[in-house]
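Each chain is listed here by its residues.
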Amino acid sequence: MSQVESAGTNGETARREDLTGPPAANRHRLPDERAGITHHFSIAGHEGYLTIGLYPNGQPGEIFIRMAKEGSTIAGLMECFGTVVSVSLQHGVPLKVLCAKLSHTRFEPSGWTGNEELGYAKSIMDYLFRWMELRFLSGKQLPLFTQHMAIVERQGSAEEKPVPPSATQYLHDSYEVGDAPLCVTCGSLMVRNGSCHKCANCGGTNGCS
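What counts and how
- Residues numbered from 1 in each chain as written.
- Predicted model: local features only at pLDDT ≥ 70, side-chain atom pairs only at ≥ 80, totals over all residues.
- Heavy atoms only, no water.
- Helix = DSSP H or I, 4+ residues; strand = E, 2+ residues; numbered from the N terminus.
- Buried < 20%, exposed > 50% of the residue type's maximum accessible area, 1.4 Å probe, protein only.
- Contact = heavy atoms within 4.5 Å.
- Areas by Shrake-Rupley, 256 points an atom, 1.4 Å probe, with all protein chains shown as cover.
- Core = buried A, V, L, I, M, F, W, Y, C linked by side-chain atoms within 4.5 Å.
- Polar contact = N/O pair within 3.5 Å; in protein donor to acceptor, adjacent residues only side chain to side chain.
- Salt bridge = Lys/Arg side-chain N within 4 Å of Asp/Glu carboxyl O.
- Expected span 1.5 Å × (residues − 1).
- Axes fitted to C-alpha atoms, helices over the stretch in contact; angles between N-to-C directions.
- Left-handed = near helix turned anticlockwise from the far one by under 90°.
- Nonpolar A, V, L, I, M, F, W, Y, C, P; charged D, E, K, R; others polar.
- Pairing = 2+ DSSP bridges.
- Phe/Tyr/Trp six-rings, centres within 6.5 Å; stacked < 30°, edge-to-face > 60°.

1. Focus on the overall build of the chain
Here is step 1: Scanning the chain from N- to C-terminus turns up five helices and seven strands.
Here is step 2: Traced from its N-terminal end to its C-terminal end, the chain shows the element sequence α-β-β-β-α-α-β-β-α-α-β-β.
Here is step 3: Within the chain, buried positions represent 32% of all 209 residues.
Here is step 4: Partitioning the contacts of the chain with sequence separation of at least 6, the portion at a separation of at least 24 is 42%.
Here is step 5: Of the roughly 13600 Å² that the chain leaves accessible, carbon and sulfur atoms contribute 54%.

Right, dumping it as structure tokens:
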């Protein structure tokens, strides 16, 4: 058989194997006793609580979403959604992938959150996954994690290390959104920049320099 025919045969075999689907993933459950953190949020007057269970290395392994003063349908949907995300995390789906898929999704309720780090939320999912991205992927740790890291450093090494910056140093100004358009690059709401608009998330503009 010639090399060309062999290459063609191997390519067809690879395509057939791809049709069988991805390999089976193993579920890594959290220990029976695990650390966790609960975050209170408010979006346009709709309040809720996000509870995150953590693996021993500090990475999220499960989430629970509780909406305050909402009907049983909304509460049930959020509970089921939290279960799906938890199972995904325990089967190895990176948090970065979930944040990229669910951040900047737009539906009601949406509005100002009162969180100076996040500002305007286009939906509950937008807020929750941008918050988790900020806390677990960007290096801007909560005081709880900062204290834990300091204890570990003191126990593991006698060398002094710089104290991580406080969370207040990362606060940014809230912007007036109004009828600002969406950024064509990342989907975030743009803010007014002179006579046009600029994206505060990725820096893109809608025609101005």
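2. Observations concerning the nonpolar core
Here is step 1: Core analysis: the largest hydrophobic core is formed by 26 residues, its most contacted members being Leu50 and Ile52.
Here is step 2: Secondary-structure elements contributing two or more residues to this core are strand 1 (36–43), strand 2 (46–54), strand 3 (60–67), helix 2 (72–90), helix 3 (95–102) and helix 4 (124–136).
Here is step 3: In this view, isoleucine 52 contacts Ala35, Gly36, Ile37, Pro60, Glu62, Ile63, Trp131, Met132 and Phe136; residues no more than four positions away in its chain are not counted.

3. A few points about the side chain of serine 86
Here is step 1: Within the element layout of this structure, serine 86 appears in helix 2.
Here is step 2: A polar atom in the side chain of serine 86 sits 2.9 Å from the backbone nitrogen of isoleucine 63.
Here is step 3: Setting aside chain neighbours within four positions, we find serine 86 in contact with Gly61, Glu62 and Ile63.

4. Describing the pattern of salt bridges
Here is step 1: The tally for this structure, following the rule as stated, stands at three salt bridges.
Here is step 2: A salt bridge links glutamate 62 to arginine 34, with the nearest nitrogen and oxygen atoms 2.5 Å apart. Of this pair, glutamate 62 sits in strand 3 while arginine 34 sits in the loop between helix 1 (3–18) and strand 1, and the two are 28 residues apart along the sequence.
Here is step 3: The class for glutamate 62 is buried, based on a relative accessible area of 12%.
Here is step 4: The salt bridge involving arginine 130 is made with aspartate 126; its shortest N-O contact spans 3.0 Å.

5. Some details on helix 2
Residue pairs three or four apart in sequence face the same way in an α-helix, which turns once every 3.6 residues.
Here is step 1: Taking 1.5 Å per residue as the helical rise, helix 2 with its 19 residues ought to reach 27 Å, and the 27 Å between its terminal C-alpha atoms agrees with that figure.
Here is step 2: Taken as a whole, helix 2 has its buried residues at Met78, Gly82, Val85, Ser86, Ser88, Leu89 and Gln90.
Here is step 3: The inward-facing, buried residues of helix 2 abut strand 3, helix 3 and helix 4.
Here is step 4: In the stretch just after helix 2, glycine 92 is the one whose phi turns positive, near 95 degrees.

6. Examining the packing of helix 2 against helix 4
Here is step 1: With their axes 13 Å apart at the nearest point, helix 2 and helix 4 run at an angle of 35 degrees to one another. Where helix 2 crosses over helix 4, the handedness of that crossing is right-handed. Between helix 2, through Met78, Phe81 and Val85, and helix 4, the contact on the second element is made entirely by Ile124, Met125 and Phe129.
Here is step 2: Among the residues forming the contact of helix 2 with helix 4, the class breakdown is six nonpolar, no polar and no charged.

7. What to know about the environment of leucine 128
Here is step 1: For leucine 128, the location among the structural elements is in helix 4.
Here is step 2: Sequence separation of leucine 128 and histidine 39 is 89 residues, and the distance between their C-alpha atoms is 9.6 Å.
Here is step 3: Discounting residues that sit within four places of it in the chain, leucine 128 has contacts with Phe41, Leu50 and Ile65.

8. With respect to the sheet that holds strand 2
Here is step 1: A sheet is described by the order of its strands in space; here three strands give the open sequence 1-2-3, paired in antiparallel fashion. The open sheet has two edge strands with one neighbour each: strand 1 and strand 3. Each strand of the sheet is rotated relative to its neighbour by a mean of 20 degrees, with strand direction disregarded.

9. Points about the packing of aromatic side chains
Here is step 1: This model, assessed by the stated rule, comprises four aromatic pairs.
Here is step 2: When the centroid spacing of 5.8 Å and the interplanar angle of 35 degrees are considered together, the rings of phenylalanine 41 and tyrosine 127 count as tilted. Here phenylalanine 41 is found in strand 1, whereas its partner tyrosine 127 is found in helix 4, with 86 residues between them in sequence. Each member of the pair, phenylalanine 41 as well as tyrosine 127, is classed as buried.
Here is step 3: Ring geometry for phenylalanine 81 and phenylalanine 129: centres 6.0 Å apart, planes at 85 degrees, overall edge-to-face.

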